[in-house]
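# Summary of the model geometry
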Amino acid sequence: MAHEFPTQARTVIVGGGIIGCSVAYHLTKLGWSDVVLLEQGQLSGGTTWHAAGLVGQLRSHSNMTSLIRYSTQLYSELEAETGLATGWKNCGSLSVARTTDRMTVLKRTAASARAQGVEIDVISPREAAELWPVMATDDLVGAVWLPGDGKANPTDLTQSLAKGARNGGVKIFERVQVTGITVKNGVACGVETDRGDIAAEIVVNCAGQWARKVGLMCGVSVPLHSAEHMYIVTGRIEGVHPDLPVMRDPDGFIYFKEEVGGLVMGGFEPHAKPWGMNGIPENFEFALLPDDWDQFEILMENALVRVPQLARAEVKKFYNGPESFTPDNNFLLGEAPELKNFYVGAGFNSMGIASAGGAGKALAEWIVNGAPTMDLWPVDIRRFAAFNNNPRWLHDRVKETLGLHYAMPWPNRELDTARPFRRSPLYDRLAAKGACFGSKMGWERANWFAAPGEKAGNDYAFGRQNWHEAVRREMKATREAVAIFDQTSFAKLLVQGRDACAVLNRICAGDIDVPVGTSIYTGVLNARGGYESDLTVMRLGAEKFLIVTGSAQAVHDADWIVKNIPPDAHAVLTDVTSAYAVLALMGPRSRDLLGKLSSADLSNAGFPFATIREIDIGYATVYANRMTYVGELGWELIVPAEFAVGVYEALHEGGREFGLADAGYYALDALRIEKGFRAWGRELTPDINPWQAGLGFAVAMDKPGGFIGRDALAAAKPSSSAPAKRIVLLTLDDTEPMLWGGELVLRDGKPVGEVRSAAYGHTLGQSVALSLIENETGVDAVFLSGGHFEIDLAGVRHAATAHLRSPYDPKSERVKADVVEIRAAA
Ligand SMILES: Cc1cc2nc3c(=O)[nH]c(=O)nc-3n(C[C@H](O)[C@H](O)[C@H](O)COP(=O)(O)OP(=O)(O)OC[C@H]3O[C@@H](n4cnc5c(N)ncnc54)[C@H](O)[C@@H]3O)c2cc1C
């Protein structure tokens with residue numbers, strides 16, 4: 001039925017690829033039928049039509065896996081609902097390993113897949129050959145088999161979703177181009193098109209590789225860049241049949257699937273070819289780029305090793321299609337922080353077919369509820385800032401991100417391209433001292449310091465890496481003397497205004513209506529009682545608060561706070577991250593060192609824990625915040641950026657006699673895990689509440705006026721003292737192995753949880769792991785001591801001991817008096 005072109009709708013979706021159609025479909029399932037979808041060409045004619053159609057369920061984050069598991073379920077059932085086939089075939093998939101390191105990856109994957117309820121078998125090369133007889137296996141170490149994986153026909157799937165959406169009331173218009181976004185008072189309220197304007201409450205940008213341009217129409221950053229992605233389709237090959245599983249050979253960067261008795265063979269080469277530097281042509285519809293056999297050579301060479309018959313096969317078609325990639329190879333989902341009611345679902349990094357079902361559902365729920373219904377942080381658009389939208393930077397970065405699909409996922413792996421990007425004022429000084437940098441939120445951050453003669457770069461491995469000894473030195477200096485950490489990358493947000501205190505007290509779960517000069521560690525919770533963030537609020541004045549939060553959370557936290565400032569309240573947030581460096585001075589000698597350089601009273605009485613004062617250091621005046629993330633006496637010095645070098649130099653000059661050492665983020669992480677301190681994004685997520693995190697002490701349940709998430713938290717409070725899901729510290733009994741996070745935890749042989757973050761705790765002399773443990777009847781001391789805990793490390797189980805409190809305690813009584821900790825409640 002042809003519809004008249006509308007002038008208004010509740011929701012307008014821009015883009016009729018698989019993502020736009022899936023969002024439309026899922027909106028109708030949630031009862032929203034007043035939806036218009038606009039496509040400048042024909043449905044699926046952008047990127048979707050030429051996808052290979054592989055659907056693999058496993059992702060490194062369990063919620064991402066569950067999105068794709070939902071996709072597989074939907075694709076298998078959709079035809080029954082809409083009458084249109086999706087081409088879904090549950091053929092299973094194989095991943096093979098050429099090296100022992102890759103086999104370690106596959107075994108680690110298998111353990112976490114089982115924890116997520118995904119069926120998976122670790123198999124031998126001979127068993128792999130039985131499932132995939134066309135391949136050579138003599139060079140293989142092993143493989144994994146996922147019977148639940150499959151493949152679909154992208155165009156059919158899109159049409160089927162579109163039909164389902166139409167059945168639910170969605171009006172779809174092809175050959176309509178969106179030319180502008182209407183914005184009023186900072187809120188998206190419609191679109192301009194070449195057929196007229198449509199007023200709308202919600203606008204959804206699902207414009208694929210055009211999404212960056214659509215974002216720029218209304219000042220929204222959608223950081224993605226196109227790169228060429230290639231595959232070939234062969235003529236018939238003996239032994240290839242319609243039920244042949246999908247096969248991935250990541251060490252060769254390649255994948256295979258059956259098509260009409262031949263093979264589709266494509267891949268993700270380590271050095272990709274960016275495309276579309278001058279913009280994506282509007283009429284790029286059902287179009288391909290020229291064959292590029294030079295770029296394809298590395299894939300072809302590897303494919304010939306795996307399937308020697310390819311040498312004699314006819315190449316029927318070379319597909320070279322551009323697809324959008326993001327700076328970290330994960331897609332972009334959610335409401336744009338720059339513009340209310342403007343949502344984005346784009347940047348699918350060659351995973352759009354697999355992801356569409358789950359991502360479309362998640363985005364539809366986000367739109368209808370005004371907030372995500374689960375932890376979607378890995379794909380949340382707010383993990384990027386406006387500076388990530390720089391086109392040159394994106395161009396240089398996506399050369400690397402395409403290849404990440406099959407690159408070795410080494411522990412602590414850093415991306416190498418488009419760096420350095422953001423630098424602290426101390427960057428050069430730290431580099432001269434052997435700093436080995438990692439990158440977070442674009443910041444170059446010292447991970448560890450190489451001693452003279454040591455290589456200042458990571459040698460990746462699953463066992464101990466080359467920085468093991470350096471981190472031991474840095475941890476020892478922090479625990480026994482004093483160390484300086486450059487934490488300039490911390491996000492800093494200033495909230496001021498007549499209502500600043502009242503507004504923040506509603507946003508924070510802790511009580512922040514405290515005397516001026518007090519610092520509060522608090523959670524920021526969502527309506528479900530889960531952690532949106534955990535941060536430190538420092539009261540600088542009656543209505544002036546400085547918030548310090550994690551480097552990665554700057555945009556997210558600012559967005560959360562601003563969205564929760566009532567329209568009539570007088571409170572303004574300013575991101576002052578770039579104005580200040582942060583130098584954390586930590587260790588039992590920190591007071592002696594600071595006392596040498598400052599006239600301030602640094603005694604426990606004069607400068608108690610959890611207070612902030614303006615103090616002098618050398619010629620500089622800085623904020624000193626007495627807090628610790630490592631469990632030692634210490635101060636976080638919040639230094640105006642232009643004074644950072646001077647303060648750093650003064651500290652080093654004065655620090656020699658106290659054994660001052662530079663220390664990096666690897667040591668910082670190990671020190672905090674050893675102490676059992678939780679980190680947002682690892683232990684603290686939107687799906688975890690303070691009872692489960694063991695941080696009930698940092699929640700002011702009874703403060704006047706309550707706070708966001710209070711009701712959910714009150715309802716979730718376990719009747720006994722033991723929640724069914726709980727963060728627990730585990731130590732590995734064997735002092736040798738390394739843990740990296742993501743490992744499966746077992747109790748008496750049965751899976752009970754997973755490691756969220758892990759490190760080698762040099763003070764304890766063993767690996768330490770903060771883990772999420774589940775037990776229906778409660779995770780309490782009896783449960784922890786009454787069973788035999790093990791951690792699965794690539795298929796080998798290692799005995800572990802569970803603790804509700806960190807086994808590390810500062811030894812000396814003097815130190816104990818100084819260290820008032822943020823204690824995890826037992
Ligand atoms: C060679 C290749 C192989 C692939 N293989 C796989 C695979 O095996 N498995 C997998 O999961 N993924 C695969 N992908 C990735 C997958 O194809 C994409 O992730 C997915 O199609 C993206 O869908 P989309 O809806 O975001 O984008 P698109 O399909 O590009 O849809 C966006 C639509 O928005 C429209 N649009 C843009 N601007 C406007 C405007 N101003 N007004 C109106 N309409 C507009 C465009 O015309 C376009 O149709 C592959 C990709 C390539 C290139």
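Further up the page is the structure itself.
No experiment lies behind these values; they were computed from the predicted model shown.

Cut-offs applied
Residues numbered from 1 in each chain as written. Predicted model: local features only at pLDDT ≥ 70, side-chain atom pairs only at ≥ 80, totals over all residues. Heavy atoms only, no water. Pairing = 2+ DSSP bridges. Helix = DSSP H or I, 4+ residues; strand = E, 2+ residues; numbered from the N terminus. Axes fitted to C-alpha atoms, helices over the stretch in contact; angles between N-to-C directions. Contact = heavy atoms within 4.5 Å. Core = buried A, V, L, I, M, F, W, Y, C linked by side-chain atoms within 4.5 Å. Buried < 20%, exposed > 50% of the residue type's maximum accessible area, 1.4 Å probe, protein only. Phe/Tyr/Trp six-rings, centres within 6.5 Å; stacked < 30°, edge-to-face > 60°. Near = heavy atom within 4 Å. Polar contact = N/O pair within 3.5 Å; in protein donor to acceptor, adjacent residues only side chain to side chain. Areas by Shrake-Rupley, 256 points an atom, 1.4 Å probe, with all protein chains shown as cover. Parallel < 35°, antiparallel > 145°, perpendicular 65-115°, else oblique. Left-handed = near helix turned anticlockwise from the far one by under 90°. Nonpolar A, V, L, I, M, F, W, Y, C, P; charged D, E, K, R; others polar.

The next thing to look at is the sheet that holds strand 33 (residues 725-732). Pairing within the closed barrel is antiparallel, and its six strands lie in the order 33-36-35-34-37-38. Each strand of the sheet is rotated relative to its neighbour by a mean of 40 degrees, with strand direction disregarded. Both strand 34 (residues 744-747) and strand 37 (residues 789-793) contribute to a ladder of four bridges, which runs antiparallel. Each bridged residue has a counterpart across the sheet, and for L746 the counterpart in strand 37 is E790. Running at roughly 130 degrees to strand 35 (residues 750-761), helix 16 (residues 665-675) makes contact with strand 33, strand 35 and strand 36 (766-774) of the sheet.

Attention shifts here to the sheet that holds strand 23 (residues 491-496). Strand order in the open sheet formed by five strands is 24-25-26-23-27, and the pairing between neighbours is antiparallel. Of all strands in the sheet, those with a lone pairing partner are strand 24 (519-525) and strand 27 (572-575), marking the two edges. Neighbouring strand axes in the sheet, compared pairwise and without regard to direction, differ in orientation by 30 degrees on average. Alignment of strand 25 (residues 531-541) against strand 26 (residues 544-549), held across five bridges, turns out to be antiparallel. The residue of strand 26 that forms the bridge with V537 is I547. Most of the contacts of helix 12 (residues 500-507) go to strand 26, to which it runs at about 30 degrees, and overall it touches strand 23, strand 24, strand 25 and strand 26.

As a further point, take the nonpolar core. The biggest cluster of nonpolar side chains holds 49 residues, and the ones touching the most others in it are W448 and F485. Considering every element that reaches this core, the biggest residue donor is helix 16, with seven residues. Counting 47 residues, the second-largest nonpolar core is a separate cluster that includes L67, A152, A162 and I172.

Before going further, it helps to spend a moment on the packing of aromatic side chains. Taken as a whole and judged by the stated rule, the model has 23 aromatic pairs. The interplanar angle of 50 degrees and the centroid separation of 5.8 Å between the aromatic rings of Y255 and F268 together place this pair among those described as tilted. Here F268 lies in the loop between strand 15 (262-267) and strand 16 (274-275) and Y255 lies in strand 14 (residues 254-259), a separation of 13 residues in the sequence. On the basis of an interplanar angle of 80 degrees and a centroid distance of 6.1 Å, the ring pair of W467 and W740 is categorised as edge-to-face.

We now examine the site of the ligand. Surveying the vicinity of the ligand reveals 35 residues, the closest of which are E39, T48, L54, E323 and A354. A distance of 3.3 Å separates an oxygen atom of the ligand from a polar backbone atom of I18. G46 is positioned with one of its backbone polar atoms (N or O) 3.5 Å from an oxygen atom of the ligand. Its free accessible area being 1000 Å², the ligand has 98% of it covered by the protein chains. Looking at the shell around the ligand, the elements with two or more residues in it are helix 1 (18-29), strand 2 (35-39), strand 12 (225-234), strand 17 (315-325) and helix 8 (352-369).

Packed helices, taken two at a time, are described by their axes: the angle between them and the distance between them. Viewed as axis vectors pointing N to C, helix 1 and helix 5 (residues 154-167) meet at an angle of 30 degrees, and their least axial separation amounts to 8 Å. It follows that helix 1 is roughly parallel to helix 5 by the angle criterion. By crossing handedness, the relation of helix 1 to helix 5 is classed as left-handed. The residues of helix 5 that touch helix 1, namely those facing I18, C21, S22, A24, Y25 and T28, are P154, L157, T158, L161, A162, G164 and A165. Looking at the contact of helix 1 with helix 5 residue by residue, the classes come out as nine nonpolar, four polar and no charged.

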